[in-house]
Amino acid sequence: YSGIKRASHLIAVSEYTKRGITEVYGISPDKITVVYNGVSSVFHPIEGFRTTIGYKTLQQELKLLAGAKVVLYVGSDHPRKNLATALRAFSELRHSHPEVIFLKVGEAGIAAGRAETLRVVDELGLRDSVRLVGAVSFERLNELYNLASALIFPSRFEGFGLPPLQAMAAGVPVVAAGSTSILEVVGEAGLLHSPDDVHGFATSLQRVLEDKNLVNDLRQRGIERARLFSWEAAAEQT
């Protein structure tokens, strides 16, 4: 706190974060510059991915049937990440698409969070449809994005929010919470809902699974949007 108060100038990773610093610490917005994070070039669409050895390997590791569709979540089990809403939306989605798999990537973060995740999974009867994976390399994560039909990201609070940006760079449709900094990152390149809108998330996921034209549109808009965020630009602005 004292370090922030004494700083002559600050850099925030989003306008949302800038507003928070101004409101909490009473620092003039003139002393805060927004410099957005970038996205690594590792994240990109892999041409013909489902014909590659990488896909076949993931298929075996995750016990996926041929052509399986995957809803991907990337992040911890921390309460602010709102993973329960993602699972409830997935459960609703399975009424029309019982074959879909939910893939959660990332360490739990806190033990209580993982316990709550497993409780919700059991409550919804999803044990056979959920896969939990820990930390992975950027290269493997890019493969998982390319494996997925959509990224779901209903987080209640993000200072920036890298997973939606990474997903867009990889050409994956994003269904996310249109709040905090996420709106700044995703813009009009994804399908956005209130963090607690379970039915809205489920409906958007269903649209992505059934509407190829929508997928192609989101894919193109996402890739173009991701080009606006580079680490080179972040370094120069800093």
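Anything mentioned here points back to the structure above.
Described below are features of the structure shown in this document.

### Points about the pattern of salt bridges
Phase 1 of the analysis: Enumeration over the complete set of coordinates arrives at twelve salt bridges.
Phase 2 of the analysis: For Arg80, the salt bridge goes to Glu158, with nearest N and O atoms at 3.3 Å. Separated by 78 residues along the polypeptide, Arg80 in the loop between β3 (70-74) and α4 (83-93) and Glu158 in the loop between β6 (150-153) and α7 (162-169) bring together distant segments of the chain.
Phase 3 of the analysis: On the accessibility criterion, Arg80 (32% relative accessible area) is partly exposed.
Phase 4 of the analysis: Overall, Glu158 belongs to the buried group, its relative accessible area being 6%.
Phase 5 of the analysis: Of the charged contacts in the structure, one is a salt bridge between Asp196 and Arg156, with a shortest N-O distance of 2.8 Å.

### Considerations on the sheet that holds β3
Phase 1 of the analysis: With parallel pairing, the six strands of this open sheet are ordered in space as β5-β4-β3-β6-β7-β8. Single-partner strands in this sheet number two, and they are β5 (130-133) and β8 (191-193). If you compare each strand with its neighbour and ignore which way they point, the axes differ by 20 degrees on average.

### Concerning the packing of aromatic side chains
Phase 1 of the analysis: Evaluated as defined, the whole model comprises eight aromatic pairs.
Phase 2 of the analysis: Arranged with centres 6.0 Å apart and planes meeting at 75 degrees, the rings of Phe160 and Phe229 form a pair that is edge-to-face. Here Phe160, found in the loop between β6 and α7, pairs with Phe229, found in the loop between α10 (212-226) and α11 (231-237); they are 69 residues apart in sequence, far enough to count as distant.

### Here we look at the pairing of strand β7 (residues 174-177)
Phase 1 of the analysis: Here β6 pairs with β7 via three bridges, running parallel. If you follow Phe153 over to β7, its bridge partner there is Ala176.
Phase 2 of the analysis: Chirality of the crossover, the property in question, places the unit of β6, α7 and β7 among those that are right-handed.
Phase 3 of the analysis: Bridge analysis of β7 against β8 gives three bridges, and the strand direction is parallel. Bridged to Val175 within β8 is Leu191.

### Observations regarding the nonpolar core
Phase 1 of the analysis: Counting residues in each nonpolar core, the largest one holds 37 residues, and the members touching the most others are Leu72, Leu103, Tyr145, Leu147, Leu151, Leu165 and Met168.
Phase 2 of the analysis: Elements with a contribution of two residues or more to this core: α3 (53-61), β3, β4 (101-105), α6 (138-147), β6, α7, β7 and α8 (182-186).
Phase 3 of the analysis: Excluding anything up to four places from it in sequence, Leu147 contacts Phe49, Arg50, Tyr55, Leu58, Leu62, Leu64, Val70 and Leu103.
Phase 4 of the analysis: Counting residues in each nonpolar core, the second largest holds 25 residues, with Leu93, Leu126, Phe201 and Leu214 among its members.

### Comments concerning α6
Phase 1 of the analysis: Among the ten residues of α6, seven are classified as buried, and the element is accordingly described as predominantly covered.
Phase 2 of the analysis: Considered for burial, the residues of α6 that qualify are Leu141, Asn142, Glu143, Leu144, Tyr145, Asn146 and Leu147.
Phase 3 of the analysis: Against the buried residues of α6 lie α3, β3, β4, β6 and α7.

### Some thoughts on the packing of α4 against helix α5 (residues 111-123)
Phase 1 of the analysis: In contact at an axis separation of 10 Å, α4 and α5 are set at 20 degrees when each is read in the N-to-C sense. The angle between α4 and α5 places the two elements in the roughly parallel class. Regarding α4 and α5, the two cross each other, and that crossing is right-handed. Contacts between α4 and α5 involve Leu83, Ala84, Leu87 and Arg88 on the former and, on the latter, Thr117, Arg119, Val120, Val121 and Glu123.
Phase 2 of the analysis: Along the lines of polarity and charge, the residues of the contact of α4 with α5 split into five nonpolar, one polar and three charged.

Reading the values: rules and limits
- Residues numbered from 1 in each chain as written.
- Predicted model: local features only at pLDDT ≥ 70, side-chain atom pairs only at ≥ 80, totals over all residues.
- Heavy atoms only, no water.
- Salt bridge = Lys/Arg side-chain N within 4 Å of Asp/Glu carboxyl O.
- Helix = DSSP H or I, 4+ residues; strand = E, 2+ residues; numbered from the N terminus.
- Buried < 20%, exposed > 50% of the residue type's maximum accessible area, 1.4 Å probe, protein only.
- Pairing = 2+ DSSP bridges.
- Axes fitted to C-alpha atoms, helices over the stretch in contact; angles between N-to-C directions.
- Phe/Tyr/Trp six-rings, centres within 6.5 Å; stacked < 30°, edge-to-face > 60°.
- Right-handed = clockwise from strand over helix to strand, strands pointing away.
- Core = buried A, V, L, I, M, F, W, Y, C linked by side-chain atoms within 4.5 Å.
- Contact = heavy atoms within 4.5 Å.
- Parallel < 35°, antiparallel > 145°, perpendicular 65-115°, else oblique.
- Left-handed = near helix turned anticlockwise from the far one by under 90°.
- Nonpolar A, V, L, I, M, F, W, Y, C, P; charged D, E, K, R; others polar.

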